[in-house]
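Residues per chain are reported as follows:
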Amino acid sequence: MAMLMKWRFKEEPEQLWVKVIEAIHGSRRTIKKYSGEKKHYLESGKQSSEWIWILLRKPLKEEFPLLFGLAKNKRNKIHDNYKRSQEGILWDWSWSRLPNNSEEKSEYEGLKELLLQQSVGRDEDIWRWKNNMEKGYSVKEIRKELARIIDVNEEPNGFEWSKIATAKVNFFMWRAIEERIPSSVALNSRGMQVGSVDCKICGLAPETANHIMIQCPVVREVWLQLWSWMKIPIRDHNENMKRRIQEKTEWPKKKVNIIYAIHLLAAWSLWKNRNKQVFEDTLRNPAMMVEKIKEESFDWIKLRSRHTGITWSEWRSFSYWNNVV
Ligand SMILES: [Zn+2]
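Residue indices follow the written sequence of each chain, beginning from 1 at its first position. For this predicted model, a pLDDT threshold of at least 70 governs which residues receive local features, and a threshold of 80 or more governs which side-chain atom pairs are given and counted, while totals over whole chains, interfaces and linings are taken from all residues.

1. Observations regarding the overall build of the chain
- Starting at the N terminus, helices and strands are each numbered in turn, a helix being any DSSP run of H or I of at least four residues and a strand any DSSP run of E of at least two. Each helix and strand counted, the chain has 14 helices and six strands in total.
- Here exposure depends only on C-beta density: within 10 Å of a residue's C-beta, 20 or more other C-beta atoms make it buried, 12 or fewer make it exposed, and intermediate numbers make it partly exposed, the C-beta atoms being placed from the backbone. When the 325 residues of the chain are sorted by exposure, 25% land in the buried category.
- Two residues qualify as a contact pair if the distance between their C-beta atoms, derived from the backbone, is within 7 Å. Long-range contacts, defined here as pairs at least 24 residues apart, represent 58% of the contacts in the chain between residues at least 6 apart.

2. Overview of the nonpolar core
- Counting residues in hydrophobic clusters, the biggest one holds 39 residues, and the most contacted among them are Met 173, Met 213, Ala 261, Leu 264, Leu 265 and Ala 267.
- Mapped by element, the contributors of at least two residues to this core are α7 (167-176), α9 (209-215), α10 (217-230), α12 (256-280) and α13 (286-304).
- It is α12 that contributes the most residues to this core, 12 residues altogether.
- Ignoring any residue separated from it by four or fewer positions in sequence, one finds Ala 267 in contact with Met 173, Ala 176, Met 213 and Met 241. Only buried residues count toward a nonpolar core: Ala, Val, Leu, Ile, Met, Phe, Trp, Tyr and Cys, linked into one set through C-beta atoms within 7 Å.

3. Comments concerning the packing of α10 against α12
- Contact pair α10 / α12: the axes reach a minimum separation of 12 Å and the direction vectors enclose 160°. Classified by the angle between their axes, α10 and α12 sit roughly antiparallel to one another. α10 and α12 meet at a crossing whose hand is right-handed. Contacts between α10 and α12 involve Val 219, Val 222, Leu 226 and Met 230 from the first element and Ile 259, Ile 262, Ala 266 and Leu 270 from the second.
- Under the grouping applied here, Gly and all other residues not named as nonpolar or charged are polar, the nonpolar ones being Ala, Val, Leu, Ile, Met, Phe, Trp, Tyr, Cys and Pro and the charged ones Asp, Glu, Lys and Arg. Considered class by class, the residues forming the contact of α10 with α12 number eight nonpolar, no polar and no charged. To get an axis, a line is fitted to the C-alpha atoms, and for a helix only the part in contact is used. The angle between two axes follows their N-to-C directions and goes from 0 to 180 degrees. For classification purposes, angles smaller than 35 degrees are called roughly parallel, those larger than 145 roughly antiparallel, those between 65 and 115 roughly perpendicular, and all remaining angles oblique. If you view the pair so one helix is near and one far, a crossing is left-handed when the near helix is turned anticlockwise from the far one by less than a right angle, and right-handed when it is turned clockwise.

4. With respect to the confidence of the model for the chain
- Considering every residue of the chain, the mean pLDDT works out to 72; 61% of them sit at 70 or more.
- In this model, residues 1-57 is a region of pLDDT below 50 whose contacts with residues beyond four sequence positions or in other chains number 70 contacts.
- Ignoring residues within four places in sequence, the model shows residues 119-148, a span with pLDDT below 50, making 43 contacts including any to other chains. Each residue carries a pLDDT score, the predictor's confidence in it, ranging from 0 to 100.

5. Concerning the environment of Phe 159
- Here Phe 159 shows up in the loop between β6 (149-151) and α7.
- It is 9.8 Å that separates the C-alpha atoms of Phe 159 and Phe 171, two residues lying 12 residues apart in sequence.

6. With respect to unusual backbone geometry
- The backbone phi angle of Glu 179 is positive, close to 55°, even though this residue is not glycine.
- Mapped onto the elements, Glu 179 comes out in the loop between α7 and α8 (184-189).
- For Glu 179, a count of 16 C-beta atoms within 10 Å puts it in the partly exposed group.
- Even without being glycine, Phe 318 reaches a positive phi, approximately 50°.
- Among the structural elements, Phe 318 can be located in the segment after α14 (312-317).

7. A few points about α10
- Across its 14 residues, α10 extends 20 Å between first and last C-alpha, which sits within 8% of the 20 Å expected from 1.5 Å per residue.
- Next to the buried residues of α10 lie α9, α12 and α13. Expected helix span is computed as 1.5 Å times (number of residues minus one).

This is the structure:
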């Protein structure tokens, strides 16, 4: 071990990062300093298969028993629980429900405190301690990291990550249901000069995210065709996207995840179509859009779900599940 680190442990044993390092490795002895590197890298170790618990002194179920109870996927590895985006690390714990009483909330605060002391390396099995060791522990650095940690499940909208949809499409929907995509109304409210805030396609109403994805008359036809294809009930054309993707009780159980992913893709395609209109002055008709959505979601199903054997004709008729037990 490097002399510097020895010294630091001796002199400042109570520093947060020392605790974290100990927690990761179980002891101080296994820390490695890679020669030639200025920064220190910590191996999380492939043996750390239980949840994020390499961060913790003890396994999650001992350190945060209430949270462990709420976790849907109790055998997840760390990389199953976060997604990387330009906006930071997006933690997705898949709680069966949000922590809602004071004991659970206090555990949750404790967990977040631990998370913001770490940054996740691009390499799955290496977690890099971001603060420069020479500089030591910096509150400012950690606060900066804090701002970059996003927890999907903490979002009041309760957005649910789709494993079938791509990350790009998930992130889009996550923002869109909070009106955080650059629609004319959103840009205007941030003080940008956008000219008219009306819809660029129909011109009949202010262009909000919900108008682009649901309420625009042109868009309604796309949804009608999609519902008919998926054989699910039609819905109110004036509802918002959040409601549309959260109310799944009318969807057949076997197909819930797939129908959900198609909803995400449809919203994304409608947004891209809107951009085509704005930037290229061209527009697809509803039938063409629906066709594109079927094709793209077919790729997802083949590549990103367990239904790899599905054929194009089964997909087109949405009948595959009739033969699946
Ligand atoms: Zn419109």
